[in-house]
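Results of the structural survey
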Amino acid sequence: MHDERLSDEELELFVQYLHRFANHDVDIFLNLEAGDPEHPVYVTFCRDYPPFGEASDFRRPFADRRQSTSATDINDGE
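The following paragraphs examine the structure supplied in this document. Everything numeric in this text was worked out from a predicted model, so none of it was measured. (Residues numbered from 1 in each chain as written. Predicted model: local features only at pLDDT ≥ 70, side-chain atom pairs only at ≥ 80, totals over all residues. Heavy atoms only, no water.)

1. Observations concerning the environment of Leu-11
In this fold, Leu-11 is placed in helix 1 (residues 8-25). For Leu-11, a relative accessible area of 35% corresponds to the partly exposed category. A sequence separation of 50 residues divides Leu-11 from Pro-61, and the C-alpha atoms of the two residues are 9.6 Å apart. Not counting chain neighbours up to four residues away, the residues in contact with Leu-11 comprise Leu-6 and Phe-62. (Helix = DSSP H or I, 4+ residues; strand = E, 2+ residues; numbered from the N terminus. Buried < 20%, exposed > 50% of the residue type's maximum accessible area, 1.4 Å probe, protein only. Contact = heavy atoms within 4.5 Å.)

Put into structure tokens, the structure is as follows:
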């Protein structure tokens with residue numbers, strides 16, 4: 001189950017859930033470790049300006065496809 005890439009549909013659902021999570025569960029910041037314990041990925045969610053790079057370095061997944069797959073918008077009220 002976890003040893004294969006996400007399908008396009010799974011990736012889109014993941015991004016929808018990520019938007020909802022960011023809107024409702026990230027108060028100030030949250031640091032997570034995910035993936036293979038031997039080669040983890042470190043993820044930071046924060047409401048402050050990114051500590052590195054420019055804002056333009058960060059892209060919004062599927063921003064060019066502003067259609068929703070449910071009655072709730074992908075941005076869940078944003």
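Back to the text.
2. Some details on a nonpolar patch on the surface
Taken together, the side chains of Leu-6, Leu-11 and Phe-14 define a hydrophobic patch exposed on the protein surface, amounting to about 280 Å² of accessible area. Take Leu-6: it is sitting in the segment before helix 1. Residue classification places Leu-6 among the partly exposed residues on the basis of a relative accessible area of 48%. (Patch = residues over 30% accessible without salt bridge, like charges linked within 9 Å, V, L, I, M, F, W, Y side chains within 5 Å. Areas by Shrake-Rupley, 256 points an atom, 1.4 Å probe, with all protein chains shown as cover. Salt bridge = Lys/Arg side-chain N within 4 Å of Asp/Glu carboxyl O.)

3. Considering a negative patch on the surface
Negative charge collects at one region of the surface, where Asp-3, Glu-4, Glu-9 and Glu-10 lie side by side. Tracing the backbone through its elements, the reader meets Asp-3 in the segment before helix 1. Residue Asp-3 is classed as exposed on the basis of its relative accessible area, which comes to 70%. (Lys, Arg positive; Asp, Glu negative; His and termini not counted. Charge placed at Lys NZ, Arg CZ, Asp CG, Glu CD.)

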